[in-house]
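Structural characterization, general
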Amino acid sequence: MPSTYAQPHYAYRPSPQAEATHPVVVVGAGLVGLTVALDLAQRGIDVVVLDDDDTVSFGSRAICFAKRTLEIFSRLGLGEAMLAKGVQWNTGRVFAGVREIWHFDLQPEPGHAHPAFVNLQQYYVEEWLVAACEATGRVDIRWKHRVSAIDPREDGAVLSVDTPDGAVTLQAGWLLACDGARSFIRESLGLPFVGQVFRDRFLIADVVMQAPFPPERWFWFDPPFHPGGSVLLHRQADDVWRIDFQLGWDADPEAEKQPERVRARVQAMLDMAVAPGIAFELEWVSVYTFRCRRLERFRHDRVIFLGDAAHQVSPFGARGGNGGVQDADNLAWKLAAVLRGEAPEALIDSYDAERIPAADENISHSTRSTDFITPKTKAAHAIRDAVLDLAARHAFARPLVNSGRLSRPAVLTGSPLSTQDDWDGGVPPGAPAQDAPVQRDGAPDWLLAHLGGDFTLLAFDPPAAIEGAVVVSSNPAPGAFWDSEGQAFARYAAGPGSVVLIRPDQHVAARFRAYDPEAVAAARSRALGA
Amino acid sequence: MTHLDLSPRIDDPDRLYAALVEAHEGLDEAASLRLQARIILLLANHIGSTATVCAAIDEARRFG
Ligand SMILES: Cc1cc2nc3c(=O)[nH]c(=O)nc-3n(C[C@H](O)[C@H](O)[C@H](O)COP(=O)(O)OP(=O)(O)OC[C@H]3O[C@@H](n4cnc5c(N)ncnc54)[C@H](O)[C@@H]3O)c2cc1C
């Protein structure tokens, strides 16, 4: 039982017996379901969220939230809280035995509002999402509502839901299945969820301690305190530390979870890696096996899968939650535009076109990392160990060391919503907009905070005023964002007169060397699926 | 450079063969595999082209 966190329990409220059709029903008040509900609500859409439980995520789950996720949560109003409470970090170190063989800095250049990562327990994020959802007045979260049957229809879905007061029926125009890796909706629609299981087990121990240790990600291969396996150490909020021991396939999960056994393991590790005799308390222990797999398609008419229900990865690389939040970011504005009658229903197909390649990228990276950490054959083991041998002595072998390639935002290359161009460099169509330090009317600010929400036209030194545009100027000018360090022009490869059309999810839709209202309007309707 | 040069190029074939075999002297199977892997990685870096190494892998796998 966590000692640093008091689990909230939310009140169950009975559902009415007969209700009109809800435009959107989200199944699962987890990280992804709450994010998509909040995003939709902030776009003026009423959402019902059903969850079988009455609380937030329990125990050790996601801790690493990537820069892109922080940007999305900043757009939704939670960014500051996450930065304030979370542990910010940019650097990872990898050891073979006790020797450091490789380190990486995930954010080598300054001039971004957000760090590469913050570490924060998933339950905090979910708790704040619940509060933010409630504050919109548009999200109706129904706790202790377990979906027990689904009948998909052409114009939506009918759900049977078990509640403490018995079964109720709900009708949804759109059903967003955010019910996690064991998705009931996926299973009841009989959709195959294919991929691979890794024959390995990992012990996750969260411990509370006061440690003089830097906010970095440390990863050991074959350390003397855990011979033959790997170990990962990471700091979270509240002086909680995540320690992850690779146990191997033959380990007995029940025996490994015994507190005495875990304490002995942890003490041996901390004595050597952190400080001899350091005191700690066990906060939470669990044993996991990992898989990488996905649904063939995420959209099935009016039923759309997001997050772990759609795709699952191993945690090396922190791509599960971060990938799911990007699903929500991608879908919310599209569904809102369709529901408001501003875009054809076909726009929703672009969710598959954009997020399936993104899921494949996450699966590929996390599979490769897991294959490095858990080699499948003797030959694979020999190649892995050879890389570690050589990396200790030669720089060339260090980039081959793979302890997890940490989550990067998806660049929606080849998206049907993008207008292609022949620019050299900058932020290409499909990529998320880049941040830059700017100043407006003397006050320091960040460019990204003013992009997204709706379509935004970003105009660099426009020769004439453009209505509604966000203006970046190379010299201070009233109302404009002065590119005081030259980073905005440089990052966007912009010249005077350039304009960039940004989508509501902050991804670039189109770029032009000069403003042409017709070309911008055409790019906008293309981005709306017209 | 994806071209894999299969023309005869080895300057001292008998010495090369002997060196490849002798390198494994006194090693058990696991250590041999690991040594072999180190040699491959060193040569791969020397070649510097993943595509060329992949062409060599394809050629090597043709023998079943
Ligand atoms: C050990 C570990 C470490 C991880 N570390 C990271 C990390 O550092 N960074 C990262 O990004 N990701 C990480 N992940 C992955 C991350 O936790 C998941 O990707 C994330 O929780 C997925 O969110 P979700 O909303 O899709 O699913 P979930 O969080 O699983 O939520 C699903 C929700 O649906 C509800 N539900 C299920 N069935 C029904 C039903 N029939 N009716 C109603 N409600 C239902 C459940 O109660 C739950 O609330 C980690 C995972 C593990 C296990």
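Throughout what follows, the structure given in this document is the object of discussion. This is a predicted model, so every value here is computed, not measured.

A tally of helices and strands in chain A yields twelve helices and 28 strands. Its C-alpha atoms give chain A a radius of gyration of 24 Å, near enough to 24 Å, the size a compact globule of 530 residues would have. Once the C-alpha set of chain A is aligned to its principal axes, its extents read approximately 65 × 60 × 45 Å. Of all intrachain contacts in chain A linking residues separated by at least 6 positions in sequence, the fraction that spans at least 24 positions is 71%. Roughly 20,900 Å² of accessible area belongs to chain A as shown, and the carbon and sulfur atoms make up 51% of that amount.

What follows covers a nonpolar patch on the surface. All names here are of chain B. A contiguous nonpolar surface patch, about 500 Å² in accessible area, is contributed by Ile10, Leu16, Tyr17, Leu20 and Val21. In this fold, Leu16 is placed in helix 1 (residues 13-22). According to the relative accessible area criterion, Leu16 is partly exposed, its value standing at 38%.

Let us look at the side chain of A:Ser57. Locating A:Ser57 in the fold gives a position in the loop between strand 2 (47-50) and strand 3 (64-66). The class of A:Ser57 is buried, set by a relative accessible area of 6%.

Let us now look at helix 10 (residues 378-393) of chain A. The terminal C-alpha atoms of helix 10 of chain A, which comprises 16 residues, lie 23 Å apart, in line with the 22 Å expected from a rise of 1.5 Å per residue. For helix 10 of chain A, the complete set of buried residues consists of A:Ala382, A:Arg384, A:Asp385, A:Ala386, A:Val387, A:Leu388, A:Leu390 and A:Ala391. Buried residues belonging to helix 10 of chain A abut strand 5 (91-96), strand 6 (99-105), strand 14 (217-221) and helix 9 (349-373) of chain A together with helix 2 (29-47) of chain B.

Taken together, the contacts link seven residues of chain B with eleven residues of chain A. Carbon and sulfur atoms make up 76% of the surface buried where chain B meets chain A, a total of about 880 Å² over both sides. Sorting the residues of chain B by area buried against chain A places B:Leu33, B:Arg34 and B:Leu41 first, and these three jointly supply 54% of that buried surface. Counting the contacts that link chain B with chain A gives three salt bridges. Between B:Arg34 and A:Asp389 there is a salt bridge, with the nearest N and O atoms lying 2.8 Å from each other.

It is worth spelling out the pattern of salt bridges at this point. Summed over the entire model, instances satisfying the criterion amount to 40 salt bridges over all chains. A salt bridge links A:Arg491 to A:Glu109; its shortest N-O distance comes to 3.1 Å. Taken together, the residues span a long stretch of sequence, with A:Arg491 in helix 11 (residues 487-492) and A:Glu109 in the loop between strand 6 and strand 7 (117-119) at a distance of 382 residues. Here A:Arg491 falls in the buried class, since its relative accessible area comes to 11%. Judged by its relative accessible area of 38%, A:Glu109 is partly exposed. Its salt-bridge partner being B:Glu59, residue B:Arg62 comes within 3.1 Å of it at the nearest N-O pair. By relative accessible area, which is 22% here, B:Glu59 ends up partly exposed. Overlapping salt bridges, with partners in common, bring together A:Asp39, A:Arg43, A:Lys67, A:Arg68, A:Glu71, A:Arg75 and A:Asp329 in one network.

Looking now at the nonpolar core. All names here are of chain A. Counting residues in each nonpolar core, the largest one holds 96 residues, and the members touching the most others are Leu40, Leu159, Leu175, Leu176 and Leu306. In terms of residues, this core owes the most to one element, helix 8 (residues 320-339), which gives nine residues. Residue contacts for Leu40: discarding those within four places in its chain leaves Val24, Ile45, Val47, Leu176, Ala332, Leu335 and Ala336. Ranked by size, the runner-up nonpolar core spans 28 residues in total, among them Cys64, Phe117, Leu232 and Phe316.

This brings us to the environment of A:Leu451. Residue and element names in this part refer to chain A. Within the fold, Leu451 resides in the loop between strand 23 (443-446) and strand 24 (456-460). Classification of Leu451 by relative accessible area gives buried; the value is 2%. Linking Leu451 and Gln506, residues 55 residues apart in sequence, is a C-alpha distance of 6.1 Å. Setting aside anything within four residues of it in sequence, one finds Leu451 in contact with Ala433, Thr456, Leu458, Val470, Tyr492, Ile502 and Gln506.

Attention now goes to the site of the ligand. All names here are of chain A. Neighbouring the ligand are 32 residues, the closest being Asp51, Asp52, Gln122, Asp308 and Asn322. With respect to the ligand, the side chain of Arg61 contributes an N or O atom lying 3.2 Å from an oxygen atom. For the ligand, an oxygen atom lies 2.8 Å from a polar atom in the side chain of Asp308. Mapped onto the shell around the ligand, the elements with two or more residues apiece are helix 1 (31-42), strand 9 (146-153) and helix 8. The class makeup of the residues in the shell around the ligand is 15 nonpolar, ten polar and seven charged.

Moving on: the sheet that holds strand 18 (residues 291-295) of chain A. Residues and elements named next belong to chain A. On the basis of which strands lie adjacent, the open sheet formed by three strands has the order 12-18-21 and antiparallel pairing. The strands lining the two open edges of the sheet, one partner per strand, are strand 12 (193-197) and strand 21 (311-312). Examined bridge by bridge, strand 12 and strand 18 share five bridges and lie antiparallel to one another. Residue Val197 lies in a different strand from strand 18, and its bridge partner there is Arg291.

Residue and element names in this part refer to chain A. Looking at where Ala337 falls in the secondary structure, it is placed in helix 8. Classification of Ala337 as buried rests on a relative accessible area of 3%. Here the alpha-carbon distance between Ala337 and Phe305, two residues 32 residues apart in the chain, equals 18 Å. Excluding residues within four positions of it along the chain, Ala337 makes contact with Glu342, Ala343, Leu347 and Leu528.

Residues and elements named next belong to chain A. Counted under the stated rule, the structure contains 24 aromatic pairs over all chains. Connected via pairs of aromatic rings, a cluster forms that spans Phe202, Phe219, Phe221, Tyr288, Phe290, Phe316 and Phe372. Stacked on the ring of Phe372, the Lys or Arg Arg384 has its end atom at 5.9 Å from the ring centre. When the ring centre of Trp423 is taken as origin, the NZ or CZ atom of Arg513, which lies over that ring, is 3.7 Å away.

Below, the discussion takes up the pairing of strand 6 of chain A. All names here are of chain A. Both strand 5 and strand 6 contribute to a ladder of six bridges, which runs antiparallel. Paired with Arg93 across the two strands is His103, which belongs to strand 6. Joining the antiparallel neighbours strand 5 and strand 6 is a turn of two residues, in which Gly97 adopts a positive phi near 65°.

So, on to the packing of helix 1 of chain A against helix 4 (residues 122-136) of chain A. Residue and element names in this part refer to chain A. At their nearest, the axes of helix 1 and helix 4 sit 9 Å apart, and the two run at 25° to each other. Classified by the interaxial angle, the pair formed by helix 1 and helix 4 is roughly parallel. Crossing handedness for the pair helix 1 and helix 4: left-handed. Counted together, Leu31, Leu34, Thr35, Ala37, Leu38, Ala41 and Gln42 of helix 1 and Gln122, Val125, Glu126, Leu129, Val130, Ala132, Cys133 and Thr136 of helix 4 form the full contact between these two elements. Split into classes, the residues belonging to the contact of helix 1 with helix 4 amount to ten nonpolar, four polar and one charged.

Rules of the game
- Residues numbered from 1 in each chain as written.
- Chains lettered and ligands numbered in written order.
- Predicted model: local features only at pLDDT ≥ 70, side-chain atom pairs only at ≥ 80, totals over all residues.
- Heavy atoms only, no water.
- Helix = DSSP H or I, 4+ residues; strand = E, 2+ residues; numbered from the N terminus.
- Rg over C-alpha atoms; globule rule 2.2 N^0.38 Å.
- Contact = heavy atoms within 4.5 Å.
- Areas by Shrake-Rupley, 256 points an atom, 1.4 Å probe, with all protein chains shown as cover.
- Patch = residues over 30% accessible without salt bridge, like charges linked within 9 Å, V, L, I, M, F, W, Y side chains within 5 Å.
- Salt bridge = Lys/Arg side-chain N within 4 Å of Asp/Glu carboxyl O.
- Buried < 20%, exposed > 50% of the residue type's maximum accessible area, 1.4 Å probe, protein only.
- Expected span 1.5 Å × (residues − 1).
- Buried area = accessible area lost by both parts, 1.4 Å probe.
- Core = buried A, V, L, I, M, F, W, Y, C linked by side-chain atoms within 4.5 Å.
- Near = heavy atom within 4 Å.
- Polar contact = N/O pair within 3.5 Å; in protein donor to acceptor, adjacent residues only side chain to side chain.
- Nonpolar A, V, L, I, M, F, W, Y, C, P; charged D, E, K, R; others polar.
- Pairing = 2+ DSSP bridges.
- Phe/Tyr/Trp six-rings, centres within 6.5 Å; stacked < 30°, edge-to-face > 60°.
- Lys NZ or Arg CZ within 6 Å of the ring centre and 35° of its normal.
- Axes fitted to C-alpha atoms, helices over the stretch in contact; angles between N-to-C directions.
- Parallel < 35°, antiparallel > 145°, perpendicular 65-115°, else oblique.
- Left-handed = near helix turned anticlockwise from the far one by under 90°.

Functional significance is not addressed by these values, which are geometric in nature.
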